[in-house]
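What the coordinates show
Chain by chain, the residues run as shown.
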Amino acid sequence: MKVVTVVAPVNIAVIKYWGKRDEELILPINDSISGTLSTDHMCAKTTIQASPLFQENRFWLNGKPQDFDNPRLNNCLKEVKRRAKPSCPILNWKLSICSENNFPTAAGLASSAAGYACLVSALAQLYEIDGDISSIARRGSGSACRSVYGGWVQWVKGESPTGEDSLAVQLAPASHWPEMRVIILVVSNETKKYSSTSGMKTSVETSQLLPYRAKEIVPKQVERMKRAIADKDFEAFARITMEDSNSFHAMCLDTFPPCVYMNDISHAIVDVVHTYNQLKSSNKVSYTFDAGPNACLYLLESEVEEFLSVINYVFPPRSGSIQDEYIKGSKVKQLPIQEELSRKFEFKVHKEGALKYIIYTKLGDGPKVLTDEKDHLLTQEGIPK
Ligand SMILES: Nc1ncnc2c1ncn2[C@@H]1O[C@H](COP(=O)(O)OP(=O)(O)OP(=O)(O)O)[C@@H](O)[C@H]1O
Ligand SMILES: C[C@@](O)(CCOP(=O)(O)OP(=O)(O)O)CC(=O)O
């Protein structure tokens, strides 16, 4: 019997991937860039056990049995096995796989990215394969290739029709910009209406903006973003992040029928960020939205307390909500909004509970192997504990 447990991070793109040039190989039409978040607060955890005694392959996700016959999972498994040494003694053993996300699955919080990065890292460890595994994680979910590395990561789209050059590269580790923080405003934690996979397919088929974005906009923005990260130039970083989020959602609306991911609360958050930046006469906070209404804010640590005071003023938590449950993640001091700030800007105050909860976190490293037996999610018999 052999068992491996791995935790892997979520990543949030600041230049978005949207659109495939090859559906089967998951090859993108443009490069993308993301920050990998710390696994301290959001992660996928996967245990894989191989045994000559198991009769069949089994897979549990968040405690529920899943069909193992999932093409993306099997593509990852096939590719890892292809890269393993033929002498690897466990290649023919059946597997028990158990995975859990400590945040909502399929809710636009990049669960598939953390999930497949975790699965592929655990498989790579199990079958002892070396080298870059981002191109294998890509076969599970495109954005998962970026979660294979920590810090700032670029997914280079590649040119080859067979996809071997479509992989992730680390631009800088998390320690490069230690002041960078991330606040996620969870507007909804329900499963989204249309998945990224089907949404981007419709965009490729129908959006007239999409080819222009991929060819003319993204390549320039990628170069600017790389410079902003290398120089730790927050002003530029924030501007490009917000521009790209807006460009991505414009393309989603240009899709027919349109992919409407942001809602009224999302737009209200955009408004608060711009109002705040205007008051500060520079870009102190940036927003980005994936395929859902939740906002991901990148900002520097020095701005966190004050900006959260504005968020709590504009979007009051439901009365009686417990602070540690409402603001998850790193501890943060809760300050009342400065009177001058609320007076100067007549922020529209929303009804209580418009935000479900908030996650406060930072950037972190790539997947980690856990060696303590108590970390395994499976019993000796290969059943979830
Ligand atoms: N821990 C995991 N292990 C393996 N597969 C996972 C894991 N978590 C999620 N997935 C897969 O990813 C799917 C959810 O992906 P989907 O793209 O719909 O949502 P998301 O990743 O949360 O959102 P988005 O990609 O828009 O940020 C799940 O149905 C499951 O197939
Ligand atoms: C909006 C995005 O989050 C889209 C992510 O799409 P997925 O990686 O979930 O799509 P598939 O490759 O079909 O699995 C932008 C991004 O993360 O770059």
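What counts, and at which threshold
Residues numbered from 1 in each chain as written. Chains lettered and ligands numbered in written order. Predicted model: local features only at pLDDT ≥ 70, side-chain atom pairs only at ≥ 80, totals over all residues. Heavy atoms only, no water. Domains from an automatic or database assignment. Contact = heavy atoms within 4.5 Å. Buried area = accessible area lost by both parts, 1.4 Å probe. Salt bridge = Lys/Arg side-chain N within 4 Å of Asp/Glu carboxyl O. Near = heavy atom within 4 Å. Polar contact = N/O pair within 3.5 Å; in protein donor to acceptor, adjacent residues only side chain to side chain. 1 Å grid on protein atoms, 1.4 Å probe; cavity = no way out; pocket = protein on both sides within 12 Å on 5 of 7 lines; lining within 4 Å. Sits in = over half its atoms within 2 Å of the grid points. Helix = DSSP H or I, 4+ residues; strand = E, 2+ residues; numbered from the N terminus. Core = buried A, V, L, I, M, F, W, Y, C linked by side-chain atoms within 4.5 Å. Buried < 20%, exposed > 50% of the residue type's maximum accessible area, 1.4 Å probe, protein only. Points joined across faces, edges and corners; volume = space filled by probe spheres on them. Nonpolar A, V, L, I, M, F, W, Y, C, P; charged D, E, K, R; others polar. Pairing = 2+ DSSP bridges. Axes fitted to C-alpha atoms, helices over the stretch in contact; angles between N-to-C directions. UniProt positions renumbered as here; feature names shortened; annotations may be inferred. Parallel < 35°, antiparallel > 145°, perpendicular 65-115°, else oblique. Left-handed = near helix turned anticlockwise from the far one by under 90°.

**Side note on the domain arrangement of the chain**
Taken domain by domain, the chain consists of domain 1 (2-173 + 371-375) and domain 2 (180-362). Taken over C-alpha atoms, the centre of domain 1 sits 26 Å from the centre of domain 2. Taken together, the contact between domain 1 and domain 2 spans 30 residues of the former and 46 residues of the latter. Across the domain 1 to domain 2 interface the summed buried area is about 3,200 Å²; carbon plus sulfur atoms make up 70%. Inspection of the region where domain 1 meets domain 2 yields one salt bridge.

**Let's talk about the site of ligand 2**
Close contacts around ligand 2 come from 18 residues, with Tyr 17, Lys 20, Arg 72, Ser 141 and Ser 143 the closest. Between ligand 2 and Ser 141, the relevant distance is 2.7 Å, taken from an oxygen atom to a side-chain nitrogen or oxygen of the residue. Thr 197 has a polar side-chain atom sitting 2.8 Å from an oxygen atom of ligand 2. The pocket occupied by ligand 2, as judged from atoms lying within 2 Å of grid points, is the largest pocket. The element contributing the most residues to the shell around ligand 2 is helix H4 (residues 196-206), with three residues.

**A word on the site of ligand 1**
In the vicinity of ligand 1 there are 17 residues, among which Ser 99, Ala 110, Ser 111, Ser 112 and Lys 192 approach most closely. Between ligand 1 and the protein, one listed contact pairs an oxygen atom with a backbone N or O atom of Ala 110 at 2.8 Å. Between Ser 111 and ligand 1, the recorded distance is 2.8 Å, taken from a side-chain N or O atom to an oxygen atom. Because more than half of its atoms lie within 2 Å of the grid, ligand 1 is assigned to the largest pocket.

**Some thoughts on the nonpolar core**
Tyr 127, Phe 237, Ile 269, Leu 297, Tyr 298, Phe 315 and Leu 355 are the most contacted members of the largest nonpolar core, which totals 104 residues. Here this core takes eleven residues from helix H2 (residues 111-126), the largest share from any one element. Shared between two domains, this core holds at least three residues of each, these being domain 1 (2-173 + 371-375) and domain 2 (180-362). Discounting chain neighbours no more than four positions away, the residues touching Phe 237 are Val 14, Trp 152, Trp 177, Met 180, Met 225, Ala 228, Ile 229, Ser 286 and Tyr 298.

**A few points about the layout of surface pockets**
As a volume, the largest pocket reaches approximately 930 Å³. In this structure, the largest pocket is lined by 44 residues; those nearest its centre are Ser 111, Ser 112, Ala 113, Tyr 116 and Ser 141. Of all the elements in the fold, those that place two or more residues in the lining of the largest pocket are strand S2 (11-15), strand S7 (58-61), helix H1 (71-83), strand S9 (94-101), H2 and H4. The element contributing the most residues to the lining of the largest pocket is H2, with six residues. Tallied by class, the residues present in the lining of the largest pocket amount to 19 nonpolar, 18 polar and seven charged. Of the domains in this structure, domain 1 (2-173 + 371-375) and domain 2 (180-362) are the two that each give at least three residues to the lining of the largest pocket. Approximately 220 Å³ is the volume attributed to the second largest pocket. When the residues that make up the lining of the second largest pocket are grouped by side-chain class, the tally is seven nonpolar, four polar and three charged.

**Section: the sheet that holds S7**
The strands making up a sheet associate through backbone hydrogen bonding, with each pair oriented either parallel or antiparallel. In space, the six strands of this open sheet follow the order S8-S7-S9-S6-S1-S17, with mixed pairing throughout. Among the strands making up the open sheet, the edge pair consists of strand S8 (64-66) and strand S17 (368-370). On average, each strand axis in the sheet is tilted by 25° relative to the strand beside it, whichever way the strands run. One ladder, built from three bridges, connects S7 with S8; its direction is antiparallel. Residue pairing for S8: Phe 59 is matched across the bridge by Gln 66. Along the sheet face, H2 touches strand S1 (2-9), strand S6 (43-51), S9 and S17 and points at about 145° away from the line of S1.

**With respect to the side chain of Thr 288**
In this fold, Thr 288 is placed in strand S13 (residues 285-289). A distance of 2.7 Å separates a polar atom in the side chain of Thr 288 from a polar atom in the side chain of Lys 16. Leave out the neighbours within four places in its chain, and Thr 288 touches Ile 12, Ala 13, Lys 16, Thr 241, Ser 245, Asn 294, Ala 295, Cys 296 and Tyr 298.

**Brief notes about the UniProt feature "domain: Mvd1 C-terminal" (unreviewed entry) in the chain**
Per the UniProt record, "domain: Mvd1 C-terminal" (unreviewed entry) is annotated on residues 182-370. Within the segment residues 182-370, helix and strand shares are 50% and 15% respectively, and the terminal C-alpha atoms sit 25 Å apart.

**Observations concerning the packing of H1 against H2**
For the pair H1 and H2, the least separation of the axes is 10 Å and the interaxial angle reads 30°. Comparing their axes, H2 and H1 come out roughly parallel. Remark: the crossing between H1 and H2 carries right-handed chirality. Packed against H1, whose contacting residues are Arg 72, Leu 73, Cys 76, Leu 77 and Val 80, the element H2 presents Tyr 116, Leu 119, Val 120, Leu 123 and Ala 124 at the interface. The class makeup of the residues in the contact of H1 with H2 is nine nonpolar, no polar and one charged.

**With respect to the packing of helix H5 (residues 209-230) against helix H6 (residues 234-253)**
Contact pair H5 / H6: the axes reach a minimum separation of 10 Å and the direction vectors enclose 165°. With respect to each other, H5 and H6 are oriented roughly antiparallel. The chirality of how H5 crosses H6 is left-handed. Facing Leu 209, Leu 210, Arg 213, Gln 221, Arg 224, Met 225, Ala 228 and Ile 229 of H5, the residues of H6 in contact are Ala 236, Phe 237, Ile 240, Thr 241, Glu 243, Asp 244, Ser 247, Phe 248, Ala 250 and Met 251. Of the residues belonging to the contact of H5 with H6, the class tally is eleven nonpolar, three polar and four charged.

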